[in-house]
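Read off the chains here:
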Amino acid sequence: MTGSEYDIKKSMEGARAILEAMADAIGIADERGETIYENDLYHKMMKRGTTELVADTRDILVEGKRYGQVTVYHDISEINRLRRELDKLNQKLRKVEVKYTFKDIIGKDPAMVRVIDTAKVVAGTPASVMIRGESGTGKEIIASAIHNSSRRRNEKFVKINCSSIPEELLESELFGYVEGAFTGARRGGKKGLFQEADGGTLFLDEVGDVSSRMQVKLLRVLQEKEIMPVGSTEAVGVDVRIICATNKDLEKMMEEGQFREDLYYRLNVFPLHIPPLRERKNDIGDILKYLLNQYNEFYGRNVAEIQDKAVELLKDEDWPGNVRELENVLSRVMVNLAQDAAVITYGDVEEALSGITGKEKEKAAEADFSMDFPEDLSEAVKQTERYCIQRAMKRHGGDKNKAAVDLGIPLRTLYYKCKNLGI
């Protein structure tokens, strides 16, 4: 035994009571690095299977000469556990679309106030909700607000427009598929939107356009709370709240055998009907003020007000495209304004409205159409289709459902043509 070892041990023995009383795990080694002491807390810490140690070591120096080392051990397993939990929470929060809340729904009209108050009540329940209303009335905003006021607010809000996806693809989008389910299937398969929304909310927009075959599959999910991915033989359980929306007359569709009664009653647990803008025109002024705050930043303007006459002019419109059409008009106004304009005038609004309803522009468009008619037959057909679709869309303020009726074609065909024609 060397003198240095004896001195370290002697000093350690004198401080044993202090070392055992410390709230940290302590270890002491001699100058050769051999352990000569470890306190009880260190041994208790090492017995725990989840221990993750971090060591802080310092030299023991006496008159500049190194006689050994003292090490303080910290168990960071709890810190790491909390960090992992925080990472999981952050991942969930990143997935949440906190896009709209009830503060974003503007309306003092009694009918609209009833809708908002009722939606706030149903948000606190797990009930399925069916939102009815014309295109552009804000059905998605209501759905998002319900989700963000519900107990599922920290989970995903997943949305899909059922009419915009061909029937043969809608099943795989909703329910997912396993590897090899069909030609071109992704390696490893793909989760469907029901699985993506597990624990959260799935918003089925335009649910009235779902085919009879898909209606059966949706009904099974609502009844059994499980989905069957395409190509799989094993069901997958899901916990999803359904909010759906449509502007179709589902009751008439049921009478005609186009929509299943059992699915209707599963979806229509709690109905909400959003009144069209033409029935609550007194809300237009408040809606414009709300939009103006957003559009000033978006368009780089600094508009402080809209003239009362300009607001009255907007109230005179029928608004077949509802709030969405009003947004488009205000966007046109903001684009055409001078950079330093502080007020939106009657003339500004009149000019913007003429771009939507003005007969002169429509006649000019028809003249240009006839003058630039291509000689190639296939191109002529495309140009004709593009012109007819655009004119129908303009006539109905962007409402594809009404445009499709005017054109005499199914809604899915209209979506297909719009995609191919770049509309």
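If you're wondering where the values come from, they're calculated on a predicted model, not measured in any experiment.

A few points about the overall build of the chain
- Helix and strand counts for the chain come out as 19 helices and 15 strands.
- Taking all 423 residues of the chain together, the buried fraction comes to 40%.
- Intrachain contacts of the chain at a sequence separation of at least 6 include 67% that bridge at least 24 residues.
- Summing over all exposed atoms, the chain offers an accessible surface of approximately 23900 Å²; the carbon and sulfur share of this is 50%.

Observations regarding the layout of surface pockets
- The computed volume of the largest pocket comes to approximately 780 Å³.
- In terms of lining residues, the largest pocket is bounded by 32 residues, among which Gly-136, Gly-138, Ile-141, Arg-324 and Glu-327 are the most central.
- Those elements giving two or more residues to the lining of the largest pocket turn out to be α6 (139-148), α12 (284-299), α14 (322-336) and α18 (400-407).
- Ranked by residues supplied to the lining of the largest pocket, first place goes to α12 with 5 residues.

Section: the nonpolar core
- Core analysis: the largest hydrophobic core is formed by 32 residues, its most contacted members being Leu-174, Phe-194, Leu-202, Leu-204, Ile-242, Phe-259 and Leu-267.
- No other element matches the 5 residues that helix α9 (residues 212-224) contributes to this core.
- When residues no more than four places from it in sequence are discounted, the contact partners of Leu-267 are Ser-128, Val-129, Met-130, Val-207, Leu-222, Ile-242, Cys-244 and Phe-259.
- With 26 residues, the next largest nonpolar core counts Leu-288, Ile-306, Ile-344 and Ala-352 among its residues.

Examining the packing of aromatic side chains
- On inspection of all chains with the given rule, the structure shows 6 aromatic pairs.
- Between Phe-175 and Phe-194 the ring centres are 5.6 Å apart and the planes differ by 20°, which places this aromatic pair in the stacked class. One end of the pair, Phe-175, is in helix α7 (residues 167-175); the other, Phe-194, is in helix α8 (residues 193-196), with 19 residues separating them in the sequence.
- Taking the relative accessible area as the measure of exposure, Phe-194 reaches 2% and is therefore buried.
- Taken together, the ring pairs connect Tyr-295, Phe-298 and Tyr-299 into an aromatic cluster.

Looking at the pattern of salt bridges
- Per the stated rule, a full pass over the model turns up 20 salt bridges.
- Close ionic contact of Arg-32 with Glu-34 constitutes a salt bridge, the shortest N to O distance being 3.6 Å.
- The class for Arg-32 is partly exposed, based on a relative accessible area of 45%.
- In this structure, the salt-bridge partner of Lys-315 is Glu-312, at a minimum N-O distance of 3.6 Å. Here the residue Lys-315 and the residue Glu-312 both occupy positions in helix α13 (residues 308-315), the gap between them amounting to 3 residues, near one helical turn.
- Classification of Glu-312 as partly exposed rests on a relative accessible area of 43%.
- Residues joined in a network through salt bridges with shared partners are Glu-167, Glu-171, Arg-213 and Lys-217.

Quick notes on the sheet that holds strand β2 (residues 35-38)
- The antiparallel open sheet is built from 4 strands, whose spatial order is β2-β1-β4-β3. Pairing within the sheet leaves two strands with one partner each, and these edge strands are β2 and β3 (53-62). Strand-to-strand twist of the sheet, defined as the mean angle between neighbouring strand axes without regard to direction, takes the value 20°.
- Of the strands in this sheet, β1 (25-30), β2, β3 and β4 (65-75) are in contact with helix α3 (residues 40-47), which crosses β1 at around 110°.

Things to note about the sheet that holds strand β12 (residues 241-246)
- With respect to topology, 5 strands assemble into an open sheet ordered β6-β9-β12-β5-β13, the strand pairing being parallel. At either end of the open sheet lies a strand with only one pairing partner, and these are β6 (157-161) and β13 (270-273). On average, adjacent strands in this sheet sit at an angle of 15° to one another, irrespective of strand direction.
- Sheet topology note: the strand β9 (residues 201-205)/β12 ladder contains 5 bridges and is parallel. When the bridges of β12 are listed, Thr-201 appears paired with Arg-241.
- Contacting β5 (129-132), β12 and β13, helix α5 (residues 110-123) runs over the sheet at an angle of about 155° to β13.

Considering the confidence of the model for the chain
- Per-residue confidence for the chain gives a mean pLDDT of 85, with 88% of residues at or over 70.
- Averaged pLDDT values for the elements of the chain fall to 50 in helix α16 (residues 359-371) and rise to 97 in β5.
- A low-confidence stretch, residues 357-361 (pLDDT under 50), is modelled with 4 contacts involving residues beyond four sequence positions or located in other chains.

Some details on the environment of Val-221
- Relative to the helices and strands, Val-221 is located in helix α9.
- With 27 residues separating them along the chain, Val-221 and Phe-194 place their C-alpha atoms 9.2 Å apart.
- Discounting chain neighbours no more than four positions away, the residues touching Val-221 are Phe-175, Phe-194, Glu-226, Ile-227 and Val-238.

As for α9
- With 13 residues, α9 should cover 18 Å at 1.5 Å per step; its first-to-last C-alpha distance of 19 Å lies within 8% of that length.
- Buried residues along α9 sit in contact with α7, α8, β9, β10 (226-227), β12 and α11 (261-267).
- Immediately beyond the C-terminal end of α9, within one or two residues, lies Lys-225, with a positive phi of roughly 55°.

Cut-offs and rules
- Chains are numbered independently. Their residues run from 1 in the order of the written sequence.
- In keeping with the model being predicted, local features are shown solely for residues with a pLDDT of at least 70 and side-chain atom pairs are shown and tallied solely at 80 or more, while totals for entire chains, interfaces and linings include all residues.
- Computation of side-chain values covers all heavy atoms of the structure but excludes hydrogens and water.
- Only runs of H or I of at least four residues qualify as helices and only runs of E of at least two qualify as strands under DSSP, and these elements are numbered from the N terminus.
- The buried label goes to any residue with under 20% of its type's maximum accessible area, the exposed label to any with over 50%, and the partly exposed label to all in between, with areas taken from a 1.4 Å probe on protein chains only.
- Whether two residues touch is decided by their heavy atoms; if any such pair falls within 4.5 Å, the residues are in contact.
- To be clear on the numbers: accessible area is Shrake-Rupley with a 1.4 Å probe, and residue cover counts the displayed protein chains and nothing else.
- Only protein atoms enter the 1 Å grid, on which a cavity is a set of points fitting a 1.4 Å probe that cannot get out and a pocket is an open set with protein on both sides within 12 Å along at least 5 of 7 lines, lining residues being those with an atom within 4 Å of a point.
- Grid points are joined across faces, edges and corners, and a volume is the space filled by probe spheres set on the points.
- Nine residue types can take part in a nonpolar core, namely buried Ala, Val, Leu, Ile, Met, Phe, Trp, Tyr and Cys, and a core is a set of them joined through side-chain atoms within 4.5 Å.
- Any pair of Phe, Tyr and Trp rings, taking the six-membered ring for Trp, is counted once the centres come within 6.5 Å. Such a pair is stacked with planes under 30 degrees apart, edge-to-face with planes over 60 apart, and tilted for the rest.
- Note on definitions: salt bridges are taken to be side-chain nitrogens of Lys or Arg within 4 Å of carboxyl oxygens of Asp or Glu.
- Criterion used throughout: strands pair if DSSP finds at least two bridges between them.
- To get an axis, a line is fitted to the C-alpha atoms, and for a helix only the part in contact is used. The angle between two axes follows their N-to-C directions and goes from 0 to 180 degrees.
- Confidence scores here are pLDDT values: one per residue, from the predictor, ranging 0 to 100.
- For a helix, the expected span equals 1.5 Å multiplied by the residue count minus one.

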